Amino acid sequence: MTTRAAIDVAELPDHAFGPRGLIWWGTVGFMVIEGSMFVIAIVVYFYLRLKVHQWPPSLPDPFIGIATANLALVLLSCIPNMLAKRAAERYDAPGARLWLAVLTVIGVVNLVLRGLEYTQLNCRWGDNAYASITWVLLSMHTIHVATDVVDSAVLLALVSLQPVTNRRFVDLSENSLYWYFIVAWWIPIYLIIFLAPRWL
Amino acid sequence: MTDEALHRQLADTWYNPAGLVGRLSIVDHKVIARRYIVTAFTFFSIAGVLAALMRLQLAFPDNHFLTADQYNQFFTVHGTAMMFLFAVPVMEAMGVYLVPIMIGTRAIAFPRLNAYSYYVYLFGGVMLFTALFVNSGPDVGWFSYVPLAGPDFGPGKRPDFWAQLITFTEVAGLAVAVELAATILKTRAPGMTVSRIPLFVWAMLVMAFMVIFAMPSVVLSSTFLLLDRLVGTQFYNPAEGGDALLWQHLFWFFGHPEVYIIFVPALGMVSSIIATFTGRPIFGYPAMVSSLVATGFIGFGLWVHHMFATGLPQLGLTYFTAASMIISIPSGVQIFCWIVSLWRGQPRYATPLLFVLGFVAIFVLGGLTGVTLASTPFDLQVHDTYYVVAHFHYVLLGGAVFPLIGGVYFWFPKMTGRMLDERLGKWNFWIFFIGFNTTFFPQHLLGLHGMPRRVYTYPASSGWGTLNLISTAGAMLLAMGGLLLLFNVLRSVRRGAVAPADPWGGEGLEWTVPSPPPAYNFLHVPVVEGRSGNWDRRGNEAPPVVTGIKADCREVLITTVTAAEADHKTIYPDPSIWPFLCSVVTSAFFIGSIFTPWALPVAIPPLAITLIGWFWPKRSDRSTQCDLANNRLEPLRGEA
Amino acid sequence: MNQSALDPHGPVARTILDLGWVLFSVTVVVYVLVLAGLAWALLRQRRESDRTPAADRRFTSIVAALTGVTTLTLVGLVAVSEVSGRALAVPHAIRPVAVDVVGHQWWWEFRYRDENDPSKLVTSPNELHIPVGVPIVMRAMSQDVIHSFWVPNLTGKRDLIPGQVTTTWMQADTAGIYRGQCAEFCGPSHAKMAFLVVAEPVDKFQSWIQHQREPAGVPTTAPAAQGRDLFLSRQCTLCHAIQGTPAGARLGPDLTHVGSRMTIAAGTLANERDPLDAWVENAPSIKPGVRMPPHMLESSEREAVVAYLRSLQ
């Protein structure tokens, strides 16, 4: 079959950051899915609130000390996250490794504190519907934190043990994007689980 | 390089491994899609047998062919399997097969995820039918209302198998949706601007977005149910602040879009078939695209029409009545445009077009009974009766299965390299058409005469016997139609006429590649200049193509979202056994967690290992070597 | 036709059927027009003028016009539906009769409350007597799973949902016996959860209610007396109440006037000696999942108990 060479792409780059690249779209796709789940879970929280007179029903409010400290730490983690993302986007492998390592360590601390947050809820998941949605909402987020921390650790190992290709720099950048997603949802979930019972 | 040499190199690069481990490592979208389609039709057949058995039980009043328990398991598994294991997966699978070829690319985005999703889907289906065969099949209906499905009234594990099946199929479905969306938005051939995207591909894009926004709701609701049953949460327990209606809201917020998720791809198939068999592009492309998108959006605003009898406030109900009627407008626009297309084209009555005409006759009737159901007062008489059963079979079989079978006849040559028998096809159509109407039309009357849904028997004094007998006779005819299709497929796969690249004079790019296509789809990635990838080439001696894509790497061209300008290239992953291994661990975890919450901590280490195996670059993988070779750290285009 | 929405015997069902005819007519007209359009499109003679831009513009106008007509039709149907819905509001002119409908797996408990005197509560399982020409306002609730109250000759459905109270109403304009059936899948015997609505003149209804308030009659025959003694000494009293005897359990249907009802087992069996005997002997074989244990009595004991129950008019 004869064909006519109309466009030549040999000189095009072999990778791209952000929405130009395919990985970004996959990541954002999953963020939309997980985000939809958070939105629905939050709607369920308020739906259940409307079903009873007192909130929490027959239970004390959660303690906010550890959760607030954890939130502060996670907001601070945006700085190393931003530095990690920038390092990746300027192909700075040592810089990316450093800040990713810092981020991973902070993530582990976040996880430990998150474990303690469960003890501050002052309820057990089976006590009533409020307790159930509180535990599940928190756990949905915890699963994301845990998978991202493990993800970051593996990525850190990968960029430490193998040559850092262009593709890997894109992965590093998208990893930081996902951490921003986790931080962004941390805020409303903290507000709803730890502060809303005092306000509603 | 000659075409022959190029073919050899591309075939070598994009190879599909052989052997047991090899075949479980394949990431070719066409192979995965064919597996999906075959598996989905297998589940369809089993679910169809269940329906035939149910119809035999209902043929006579006070019948004892099935026990109540068998009947209740059968109607539940029939509905569950049809909706979750057949309808959505087969539509997604047609997209997985056709979309990359229709848009001029070599593969689907995230190919390993695609393989993983198939195995997860397969294991979920096997779990459900195994549960049924050991008399532990779910028995509370395909939408599993609480409290009947909850811990107090559903002892044993029957509803848990249902709820976990949801998890399996939603994981698979969501994964494919993300792949399709990314593929369609970022990997179209250069020149395929947004206004040149084929209508089938538009339909798949709308479906993918609907899946992404709808499925989370059912994932949550079924998880809440599993938690209520397994660890004692109180989501649906009114005694502890929970709510039985919460289930219905969460389920139907997903459940209504679900039927459009099934229906919208079929609309894409209808467009492809009508265009080809009238010889002209579909009339009214902008209206057609807007209708697909509008259907997708409006579909999210209807769900309460499943709950008109629950005593919700009147003002809300009025809104849902209006919305449920309004959604027929975009569908109407499509029907009008198709009729115009048939009007101004030259119809050729091949089997695919017959099934499309059957679709119009059946779906429009179903849509109209849907409009009647949207009216709250009228719904209060026919809700939960055989009127509704008739309605949804008209819209689902008419609106989705008829186009699908037309699509099977249409694309079977492309997928297998053989033609299905045309004469058998015509018999197939008429037997289905007559069988379908005989089965389901009487059910409208049964509902109006007071026969509720989900009754394993009815008394002779009801007077429902005659209509039920007619309906059963129709079901037997339908079953024969199914067998005929199966026979046609099995015979044609081996002895059908060999199919050329373009047996029908088809409109799109898929008809420019061999039947079946090689693993790499296109010898040369095309440059698109119009909406009809195949017809636009007519009279063109040397169609324009892209050069500069590596043939010794799985290199894929990434283009911009709206204008489809060539932007950069990326390397797709090699075949790998890790997605399969990960699916085994995932499935074991899902099934284990039906029985114990300890399944979660136990599953985490193997899940982590298989995921790391999946993503960790292997030195022996060609894609790893290609990545390393690319490591030139050149600046991005547009920068200094 | 019994249990048919096409045979209304009350204002609610009649309004709905009238609405149904409007919907049906529109449906038929639209369907015929669409199929006619399709047939015309397929069968017509093809012309060269079909392929001009002018033809395309004409088609665009036609599709736009058809879309407009569709939209207007649907808006009209929404309006018609709304109007019918308004007409279904509870009438205030006549003082209604209040009934509580309580759903159980797999029987119906109908309770007539007297606002002034709680001791005048009447409970009637599976048979709902109502006066003709009077609105019956119902509060519906469930003791276990979701059920749905539906008697097509008189009214549309209302779900019975545990944890909340739903309301509905109906009215019979002609005397008669109307069969209703549970319309929300509620477990193995969902198919066998029916009930009868007995619409009768007001005075007959009043005397029925009056009679229902009375405790059970004392047995006058020896077998019935023996049956009562057996009833009170065996497992029966664990679930069933008979007013005027020590039996007061509320798990199963109240049997105080069971002999006076037309059916037993929620409309499943005729209320005659042999079906009643079969029911007492092995209820789960007739209604799967029913919690009344089988084989509780010897054959002669059962005969006596059946005689007693039939004497409870």
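Remember, it's a predicted structure, so these values are computed and weren't measured experimentally.

Trainee: Could you give me a rundown of the overall build of chain B, with the residues and numbers involved?
Mentor: For chain B, the helix and strand inventory stands at 19 helices and three strands. Against the globule reference of 26 Å for 640 residues, chain B gives a C-alpha radius of gyration of 25 Å, in line with a compact fold. Its C-alpha atoms give chain B principal-axis dimensions of roughly 80 × 60 × 50 Å. Across chain B, contacts joining residues at least 24 apart in sequence account for 81% of those joining residues at least 6 apart.

Trainee: Requested: an account of the overall build of chain A, with residues and values cited.
Mentor: Counting secondary structure elements, chain A contains six helices and one strand. Seen in sequence order, chain A has helices and strands lined up from the N terminus as β-α-α-α-α-α-α. With the C-alpha coordinates aligned to their principal axes, the bounding extent of chain A is approximately 75 × 40 × 25 Å. Taken over 200 residues, chain A has a buried fraction of 46%.

Trainee: An account of the sheet that holds strand β1 (residues 97-104) of chain C is needed here, citing residue identities and associated values.
Mentor: Sheet strands associate in pairs through backbone hydrogen bonding, adopting either a parallel or an antiparallel arrangement. Residues and elements named next belong to chain C. What the five strands build is an open sheet, ordered β3-β2-β1-β5-β8; its pairing is mixed. Strands with a single pairing partner mark the edges of an open sheet, and in this sheet they are β3 (122-125) and β8 (166-170). Each adjacent strand pair in this sheet contributes to an overall mean axis angle of 25 degrees, direction not counted. With five bridges joining them, strand β5 (residues 136-142) and β8 adopt antiparallel strand pairing. The residue bridging Ala 140 from the neighbouring strand is Thr 166, located in β8.

Trainee: Break down the environment of His 211 of chain C for me, citing the residues and quoting the values.
Mentor: When you line up the elements, His 211 of chain C lands in helix α3 (residues 202-213). The spacing of His 211 of chain C and Val 122 of chain C is 89 residues in sequence and 9.6 Å in space, taken between C-alpha atoms.

Trainee: Can you tell me about the interface of chain C and chain B, naming the residues and giving the values?
Mentor: Listed as interface residues are 63 residues of chain C and, on the opposing side, 64 residues of chain B. Elements that contribute at least two residues to the side of chain C that touches chain B include exactly α1 (11-43), α2 (53-87), β7 (158-160) and β8 of chain C. Here the side of chain C that touches chain B is composed, by residue class, of 32 nonpolar, 21 polar and 10 charged.

Trainee: Quick one: what's the story with the pairing of strand β3 (residues 566-571) of chain B, residue by residue and with numbers?
Mentor: All names here are of chain B. Counting buried residues along β3, five of its six residues qualify, which places the element largely inside the surrounding structure. The pairing of strand β2 (residues 555-559) with β3 spans five bridges and is classified as antiparallel. Its bridge partner being in β3, Thr 559 is matched across the sheet by Ala 566.

Trainee: Could you give an account of the packing of helix α4 (residues 68-102) of chain B against helix α5 (residues 111-133) of chain B, naming the residues involved and the relevant values?
Mentor: All names here are of chain B. One can describe the packing of α4 onto α5 by two numbers: an axis separation of 11 Å at closest approach and a directional angle of 165 degrees. The orientation of α4 with respect to α5, classified from their angle, is roughly antiparallel. For the pair α4 and α5, the sense of crossing is left-handed. The segment α4 lies against α5, with Gln 73, Val 77, Thr 80, Ala 81, Leu 85, Pro 89 and Val 96 engaging Asn 114, Tyr 121, Gly 125, Leu 128 and Leu 132. In terms of residue class, the contact of α4 with α5 is made up of eight nonpolar, four polar and no charged.

Trainee: Report on the arrangement of the chains, specifying residues and quantitative values.
Mentor: Counting contacts across all two pairs of chains that touch, the top-ranked interface belongs to chains B and C. A gap remains between chain A and chain C, which never touch, and the nearest two C-alpha atoms on either side lie 10 Å apart.

Trainee: So, the confidence of the model for chain B: which residues are in play, and what are the values?
Mentor: Residue and element names in this part refer to chain B. For chain B, the mean per-residue pLDDT works out to 96, and 98% of the residues sit at or above 70. In this model, residues 634-640 is a region of pLDDT below 50 whose contacts with residues beyond four sequence positions or in other chains number six contacts. Interface scoring of the predicted complex returns ipTM 0.96; its pTM is 0.96.

Trainee: Lay out the interface of chain A and chain B in plain terms, naming residues and giving numbers.
Mentor: Residue-level contacts link 49 residues of chain A with 57 residues of chain B. Elements that contribute at least two residues to the side of chain A that touches chain B include exactly β1 (4-8), α1 (22-49), α5 (129-161) and α6 (166-199) of chain A. By residue number, the principal contributor to the side of chain A that touches chain B is α1 of chain A, which donates 14 residues. Split by residue class, the side of chain A that touches chain B holds 31 nonpolar, 12 polar and six charged. Alignment of β1 of chain A against strand β1 (residues 544-547) of chain B, held across four bridges, turns out to be parallel. Within the sheet, the bridge partner assigned to Arg 4 of chain A lies in β1 of chain B and is Pro 544 of chain B.

Trainee: So, helix α6 (residues 158-186) of chain B: which residues are in play, and what are the values?
Mentor: Given a rise of 1.5 Å per residue, 29 residues ought to cover 42 Å, and the 43 Å separating the end C-alpha atoms of α6 of chain B matches this to within 8%. Among the 29 residues of α6 of chain B, 29 are classified as buried, and the element is accordingly described as predominantly covered.

Trainee: Give me the lowdown on the pairing of β1 of chain C, citing residues and values where you can.
Mentor: All names here are of chain C. The pairing of β1 with β5 spans seven bridges and is classified as parallel. Pairing of Ala 98 across the sheet is with Val 137, part of β5. Where β1 and strand β2 (residues 107-112) come together, six bridges link them in antiparallel fashion. Bridging from a neighbouring strand, Val 99 pairs with Tyr 112 of β2. Here β1 folds back onto β2 in antiparallel fashion, the turn holding two residues.

Trainee: Go over unusual backbone geometry with me, naming the residues and quoting the values.
Mentor: Residue and element names in this part refer to chain B. The omega torsion across Ser 515 and Pro 516 is -5 degrees, close enough to zero to call that bond cis. Tracing the chain through its elements places Pro 516 in the loop between α16 (465-495) and β1. Unusually for a residue other than glycine, Asp 384 sits at a positive phi of about 60 degrees. If you trace the backbone, Asp 384 turns up in the loop between α13 (376-382) and α14 (386-416).

Trainee: Hey, could you go over the sheet that holds strand β10 (residues 194-200) of chain C for me, with residue numbers and the actual values?
Mentor: All names here are of chain C. Strand order in the open sheet made by the three strands is β4-β10-β9, with mixed pairing throughout. The open sheet has two edge strands, β4 (127-131) and β9 (176-181), and neither has a second partner. Across the sheet, the mean angle from the axis of one strand to that of its neighbour is 25 degrees, orientation sign disregarded. One ladder, built from six bridges, connects β9 with β10; its direction is antiparallel. By the bridge assignment for β10, Tyr 178 is matched with Val 197. Against the sheet, α3 touches β4 and β10, its axis set at about 135 degrees to β4.

Trainee: Hey, could you go over the packing of helix α3 (residues 78-89) of chain A against helix α4 (residues 93-119) of chain A for me, with residue numbers and the actual values?
Mentor: Residue and element names in this part refer to chain A. Contact geometry for α3 and α4: axes closest at 8 Å, N-to-C directions at 155 degrees. By the angle class used here, α3 and α4 are roughly antiparallel. The way α3 lies across α4 gives a crossing that is left-handed. In this structure, α3 contributes Pro 80, Asn 81, Leu 83, Ala 84, Ala 87 and Ala 88 to the contact, and α4 contributes Gly 95, Ala 96, Trp 99, Leu 100, Val 102, Leu 103 and Ile 106. The residue makeup of the contact of α3 with α4, split by class, is 11 nonpolar, two polar and no charged.

Trainee: Tell me about the environment of His 249 of chain B, residues and numbers included.
Mentor: Mapped onto the elements of the fold, His 249 of chain B is located in helix α8 (residues 244-278). Sequence separation between His 249 of chain B and Trp 162 of chain B is 87 residues, and the spatial gap between their C-alpha atoms is 18 Å.

Trainee: Residues and numbers for the confidence of the model for chain A, please.
Mentor: For chain A, the average pLDDT comes to 95, and 100% of its residues sit at 70 or higher. The secondary structure element of chain A with the lowest average pLDDT is β1 of chain A, at 94, and the one with the highest is α1 of chain A, at 97.

Trainee: Now, about the environment of Arg 229 of chain B: what can you tell me, with residues and values included?
Mentor: Mapped onto the elements, Arg 229 of chain B comes out in helix α7 (residues 199-231). For Arg 229 of chain B and His 64 of chain B, which are 165 residues apart along the polypeptide, the C-alpha to C-alpha distance reads 33 Å.

Calculation rules
- Residues numbered from 1 in each chain as written.
- Chains lettered and ligands numbered in written order.
- Predicted model: local features only at pLDDT ≥ 70, side-chain atom pairs only at ≥ 80, totals over all residues.
- Helix = DSSP H or I, 4+ residues; strand = E, 2+ residues; numbered from the N terminus.
- Rg over C-alpha atoms; globule rule 2.2 N^0.38 Å.
- Contact = placed C-beta atoms within 7 Å.
- Buried ≥ 20, exposed ≤ 12 C-beta atoms within 10 Å, placed from the backbone.
- Pairing = 2+ DSSP bridges.
- Axes fitted to C-alpha atoms, helices over the stretch in contact; angles between N-to-C directions.
- Nonpolar A, V, L, I, M, F, W, Y, C, P; charged D, E, K, R; others polar.
- Parallel < 35°, antiparallel > 145°, perpendicular 65-115°, else oblique.
- Left-handed = near helix turned anticlockwise from the far one by under 90°.
- pLDDT = per-residue confidence, 0-100.
- Expected span 1.5 Å × (residues − 1).

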